[in-house]
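# What the coordinates show
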Amino acid sequence: MSFRSIYVTYRGAGFHKWIKHVSSKGVFRSSNIKKDYIEYTKGNPVKVRIKDSCFITILYRPKVLPASMEVREASIKEVPCIEIESLREKSLEEYFKLNLVILDFLNFIIPEEVHVESLHGITENGEEEEIPYPYAISKMFKPTVRTGAAIFPYNEVQRNSIQILSEKYLNKWFELSKTPLINLYCAVMYNPDTYMEYLFLGLAQAIESYHMNFFETKSAARVKLEKEINEVRNILPDKAQYLDQVFKDCYRRPYIERVREVYQEYSALADQFLRLKGAEEFSKKVKDTRHYLTHWVPELEKKAAHGNELVFLTKDLQFLLQLCIMTQLGFTNCDYTNIYHTSYK
């Protein structure tokens, strides 16, 4: 079946608190002409275009309750929801895919768990149909250092620019959702019942992926080596493909260096919030635990994290990844300070 758009409502106090700051409610008025007629003026929804993919509208939608035969103000309420209008396929499968990306986004920016409550599809002829939603989430593995406040908006100045912020963050999120970074982060967040070793390894891989794709800069040694390889390729052009294959991993950064550099980038917050503090200690513990779990090196068993220590180390990794993702969304060090020290009143 083809749908013009879908409306999604979500459960979670954090979502309802956040949407109050993002979208304004409408106004109900009794009509002076008809005694039992209620006039409704829409609020100001936030509508964002995700390139050539879809429109996302954050809004309050009026809903008539079957309280009486007559339509009275008491029998009408507004429901906070998100409308998704695909610009490509109009199939239910496409809408499920788009909604999963949005659900990931909501659970990233909101500390409390957000769950899908209902889906209603608007058919091409304007009829509304309720859609059974097949995905269920029991609980989540979320960082505990940020409570009571969504990532944005986090101050009055930002709230006044919420349309611009929504366009910025949502478009960036859809771009990032195509990368292993988001997939690995969300895979851990949605699977808290998985063995802790697997959750840790997923985040350990995500840190490496982030460093390789967004963080790594070419050192002087690597620049020198690449220059020498190019000189050989120019001398032996017919062996260029072979040389590329041989030398493609000749200068691969050690894993511990990648973790250390990510920690150092966010050391001000990491030293404050992480249980295992200090770039050297943290990177060594992550490296030893990762190598022990992936390669089962017996001499690393005593150096690796186990039990509660592994739980805390996994949460520390998740917090660092949260900062990494926020950086790619466009947040700055000043923003981090505001976010982690400010909560909604």
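Below you will find a few notes about this structure.

## A word on the overall build of the protein
The number of helices and strands found in the protein is 13 helices and 8 strands. Taking all 345 residues of the protein together, the buried fraction comes to 46%. Excluding contacts between residues fewer than 6 apart, the proportion of contacts in the protein whose partners are at least 24 apart in sequence is 70%. Within the structure as shown, the protein displays about 18,700 Å² of accessible surface, and the carbon and sulfur contribution to it stands at 52%.

## Some points on the packing of helix α4 (residues 162-176) against helix α12 (residues 307-329)
Taken N-terminus to C-terminus, the directions of α4 and α12 make an angle of 115°; their axes are 9 Å apart at the nearest point. For the pair α4 and α12, the crossing hand works out as right-handed. On α12, the residues touching Lys-168, Tyr-169, Lys-172, Trp-173 and Leu-176 of α4 are Ile-325, Gln-328 and Leu-329. Tallied by class, residues from the contact of α4 with α12 come to 5 nonpolar, 1 polar and 2 charged.

## Describing the packing of aromatic side chains
Here the structure, examined in full by the defined rule, presents 15 aromatic pairs. A ring pair is formed by Phe-108 and Tyr-185, whose centres lie 5.7 Å apart and whose planes are at 75°; its orientation type is edge-to-face. Of this pair, Phe-108 sits in helix α2 (residues 92-109) while Tyr-185 is found in helix α5 (residues 180-189), placing the two residues 77 residues apart along the sequence. Residue Phe-108 is classed as buried on the basis of its relative accessible area of 1%. Assessed through its relative accessible area of 1%, Tyr-185 is described here as buried. Grouped by ring-pair contacts, the aromatic residues Tyr-10, Phe-15, Trp-18, Phe-105, Phe-108, Phe-152, Tyr-169, Trp-173, Tyr-185 and Phe-331 constitute a single cluster.

## Remarks on the packing of helix α6 (residues 196-215) against helix α11 (residues 279-295)
It is the contact of α6 with α11, at a shortest axis distance of 10 Å, that shows an interaxial angle of 120°. The orientation of α6 relative to α11 falls into the category oblique. Seen along the crossing, α6 lies across α11 with a hand that is left-handed. Residue-level contacts link Glu-197, Phe-200, Leu-201, Ala-204 and Glu-208 of α6 to Val-286, Thr-289, Arg-290, Leu-293 and Thr-294 of α11. A per-class count over the contact of α6 with α11 returns 5 nonpolar, 2 polar and 3 charged.

## Brief notes about the pairing of strand β6 (residues 76-86)
Each regular strand displays side chains that alternate between the two surfaces of the sheet. For β6, a buried count of 9 out of 11 residues is recorded, marking the element as mostly surrounded by other parts of the structure. Note: strand β1 (residues 3-11) against β6, 3 bridges, orientation antiparallel. In the sheet register, Tyr-7 faces β6, and the bridge partner there is Glu-83.

## Quick look at α5
Of all the 10 residues making up α5, 7 are buried; the element is thus mostly covered by neighbouring parts of the structure. Turning to α5, its buried residues are Leu-181, Ile-182, Leu-184, Tyr-185, Cys-186, Val-188 and Met-189.

## Looking at the nonpolar core
Grouped together as the largest cluster of nonpolar side chains are 88 residues, with contacts concentrated most on Tyr-10, Trp-18 and Leu-106. Looking at which element gives the most residues to this core, the answer is α12, with 11 residues. Sequence-distant contacts of Leu-106, defined by excluding residues within four places in its chain, comprise Tyr-10, Phe-15, Trp-18, Ile-82 and Val-114.

## Considering α11
For α11, which comprises 17 residues, the first-to-last C-alpha distance of 23 Å matches the rise-based estimate of 24 Å (1.5 Å per residue) to within 8%. Taken residue by residue, α11 has Ala-279, Phe-282, Ser-283, Lys-285, Val-286, Lys-287, Asp-288, Thr-289, Arg-290 and Tyr-292 as its buried positions. Next to the buried residues of α11 lie α6, α9 (255-265) and α12.

## Some remarks on the environment of Asn-125
Its place among the elements puts Asn-125 in the loop between β7 (115-123) and β8 (128-131). Accessibility expressed as a relative area gives 57% for Asn-125, which makes it exposed. Sequence separation of Asn-125 and Phe-3 is 122 residues, and the distance between their C-alpha atoms is 9.1 Å. Only 2.3 Å separates the side chain of Asn-125 from the side chain of Thr-123, close enough to count as a polar contact. Engagement of the side chain of Asn-125 in a polar contact is seen with the backbone nitrogen of Glu-127, the distance being 3.3 Å.

Conventions we followed
- Residue positions are given per chain, counted from 1 along the sequence in the order it is written.
- Totals for whole chains, interfaces and linings use every residue, but because this is a predicted model, local features are given only for residues with pLDDT of at least 70 and side-chain atom pairs only at 80 or more, for both listing and counting.
- The basis for every side-chain value is the complete set of non-hydrogen atoms in the structure, without hydrogens or water.
- Labels follow the DSSP assignment, with helices taken as runs of H or I lasting at least four residues and strands as runs of E lasting at least two, numbered in each case from the N terminus.
- Accessibility here uses a 1.4 Å probe with only protein chains present; expressed as a share of the type maximum, an area under 20% marks a residue as buried, one over 50% as exposed, and anything in between as partly exposed.
- In what follows, residue pairs with any heavy atoms lying within 4.5 Å of each other are defined as contacts.
- The protein chains shown are the only cover counted for residues, whose accessible areas, like all others here, come from Shrake-Rupley with a 1.4 Å probe.
- Helix axes are fitted to C-alpha atoms over the stretch in contact, other axes to C-alpha atoms as well, and angles between N-to-C directions run from 0 to 180 degrees.
- Working rule for handedness: look at the near helix, and if it is turned counterclockwise from the far one by less than a right angle, call the crossing left-handed; if clockwise, right-handed.
- When residue character is reported, Ala, Val, Leu, Ile, Met, Phe, Trp, Tyr, Cys and Pro are called nonpolar, Asp, Glu, Lys and Arg charged, and the others, Gly included, polar.
- Aromatic pairing here means that ring centres of Phe, Tyr or Trp (its six-membered ring) are within 6.5 Å. Orientation follows from the plane angle: under 30 degrees is stacked, over 60 is edge-to-face, and everything else is tilted.
- Relative orientations are named as follows: roughly parallel for angles under 35 degrees, roughly antiparallel for angles over 145 degrees, roughly perpendicular for angles from 65 to 115 degrees, and oblique for any other angle.
- One requirement defines pairing of two strands: DSSP has to find at least two bridges between them.
- The criterion is simple. A nonpolar core is a set of buried Ala, Val, Leu, Ile, Met, Phe, Trp, Tyr and Cys residues joined through side-chain atoms within 4.5 Å.
- A helix is expected to span 1.5 Å for every residue after the first.
- Pairs of N or O atoms within 3.5 Å make up the polar contacts considered here, provided that, within protein, one atom can donate a hydrogen while the other can accept it, and that residues adjacent in sequence are counted only when both atoms are side-chain atoms.

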